[in-house]
Amino acid sequence: MKIKQGILKVNSLDEFLKDLGNCVTVIDAKYVIDLDVVRFAVEKALKSWEEGRNVAKTLPLEILLYFSATRQIRDAVKVGVKEGINEAVVVILNDCEDKLGKYFEEKEVVRVDDERVENVKRLYGITDEEIKIVGLEKLPLLIRERIALFDVFKE
């Protein structure tokens, strides 16, 4: 498994999913402020998958569920790939990195700015009060807490 960040160009979502649907998970970078959070979600999803405790029928979707900390597939896919040009974090699950090349240009896109902090707070239901208590630098820990709680309460 590899995690990369960059620009993903998807002209046809159907074509992209046919080419890469089972070997990558794409997360919209506007919801990512720390790659360690992505890694944490992937590790939790892989463990759940290996233990047969998965919610989704595919591993890429299971990863999206964990990353977004929700059982609702319709909500999880909102943080996934879209047609057009995407700033994205891509989780490469198996040997399909060569195929990804026609869609993906590696580039640093993960950052912390006000807009991303607001996106993350909305996604995970994190309040201003929580941020005030722990400090903005601890926001990735609050996100991991949401993902861990999802894992505990998903069943």
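Quick summary incoming for the structure in this document. (Residues numbered from 1 in each chain as written. Predicted model: local features only at pLDDT ≥ 70, side-chain atom pairs only at ≥ 80, totals over all residues. Heavy atoms only, no water.)

**A look at the state of the cysteines**
Scanning the model with the defined rule gives 1 disulfide in all. What pairs with Cys-23 in a disulfide is Cys-96, and their sulfur atoms sit 2.3 Å apart. Measuring the twist about the S-S bond at about 110 degrees, one finds the Cys-23-Cys-96 disulfide to be right-handed. Taken together, the positions of Cys-23 in the loop between helix H1 (13–20) and strand S2 (24–28) and Cys-96 in the loop between strand S3 (84–92) and helix H5 (97–100) put the pair 73 residues apart, joining distant regions of the chain. Exposure remark for Cys-23: the relative accessible area of 7% places this residue in the buried category. (Disulfide = S-S within 2.5 Å. Helix = DSSP H or I, 4+ residues; strand = E, 2+ residues; numbered from the N terminus. Buried < 20%, exposed > 50% of the residue type's maximum accessible area, 1.4 Å probe, protein only.)

**Quick word on the sheet that holds strand S1 (residues 2–10)**
Strand order in the open sheet formed by 4 strands is S2-S3-S1-S4, and the pairing between neighbours is antiparallel. Among the strands making up the open sheet, the edge pair consists of S2 and strand S4 (104–106). Neighbouring strand axes in the sheet, compared pairwise and without regard to direction, differ in orientation by 40 degrees on average. Pairing of S2 with S3, which is carried by 5 bridges, proceeds in the antiparallel orientation. Looking at S3, one finds that Asp-28 is bridged to Ala-88. On the sheet, helix H3 (residues 59–68) packs against S2 and S3 and is oriented at approximately 30 degrees with respect to S2. (Pairing = 2+ DSSP bridges. Axes fitted to C-alpha atoms, helices over the stretch in contact; angles between N-to-C directions. Contact = heavy atoms within 4.5 Å.)

**Brief notes about the packing of helix H2 (residues 35–50) against H3**
Their axes nearest at 8 Å, the elements H2 and H3 cross at an angle of 125 degrees. In terms of orientation, H2 lies oblique with respect to H3. Crossing of H2 against H3: the hand is right-handed. The segment H2 lies against H3, with Val-37, Val-38, Ala-41, Val-42, Lys-44, Ala-45, Leu-46, Ser-48 and Trp-49 engaging Leu-59, Glu-62, Ile-63, Tyr-66 and Phe-67. (Parallel < 35°, antiparallel > 145°, perpendicular 65-115°, else oblique. Left-handed = near helix turned anticlockwise from the far one by under 90°.)

**Examining the packing of aromatic side chains**
Using the criterion set out here, one finds 3 aromatic pairs in the structure. When the centroid spacing of 4.8 Å and the interplanar angle of 85 degrees are considered together, the rings of Tyr-66 and Phe-150 count as edge-to-face. Here the residue Tyr-66 occupies a position in helix H3, and Phe-150 occupies one in helix H8 (residues 139–153), the gap between them amounting to 84 residues. When the centroid spacing of 6.2 Å and the interplanar angle of 75 degrees are considered together, the rings of Phe-67 and Tyr-124 count as edge-to-face. Separated by 57 residues along the polypeptide, Phe-67 in helix H3 and Tyr-124 in helix H6 (residues 114–124) bring together distant segments of the chain. (Phe/Tyr/Trp six-rings, centres within 6.5 Å; stacked < 30°, edge-to-face > 60°.)

**Brief notes about a nonpolar patch on the surface**
A surface patch of nonpolar side chains, amounting to about 330 Å² of accessible area, comprises Leu-149, Val-152 and Phe-153. Its place among the elements puts Phe-153 in helix H8. (Patch = residues over 30% accessible without salt bridge, like charges linked within 9 Å, V, L, I, M, F, W, Y side chains within 5 Å. Areas by Shrake-Rupley, 256 points an atom, 1.4 Å probe, with all protein chains shown as cover. Salt bridge = Lys/Arg side-chain N within 4 Å of Asp/Glu carboxyl O.)

**What to know about the nonpolar core**
Of all hydrophobic cores here, the largest spans 34 residues; its most connected members are Val-38, Phe-67, Leu-139 and Ile-143. At the level of secondary structure, the elements contributing two or more residues to this core comprise H2, H3, S3, H6 and H8. Top element by residues in this core is H3. It accounts for 7 residues. If we ignore the near neighbours within four places in the chain, the residues touching Ile-143 are Ile-33, Val-37, Val-120, Tyr-124 and Ile-126. Core analysis: the second largest hydrophobic core is formed by 15 residues, Ala-88, Ile-92, Cys-96 and Tyr-103 among them. (Core = buried A, V, L, I, M, F, W, Y, C linked by side-chain atoms within 4.5 Å.)

**Notes on the pattern of salt bridges**
Per the counting criterion, the structure on display carries 18 salt bridges. Asp-128 serves as the salt-bridge partner of Lys-121, at 2.1 Å between the closest nitrogen and oxygen. Given the relative accessible area of 10%, Lys-121 is considered buried. Looking at Asp-128, the relative accessible area reads 52%, which means it is exposed. When salt bridges that share partners are traced, they join Lys-44, Lys-47, Glu-51, Arg-53 and Asp-151 into one network.

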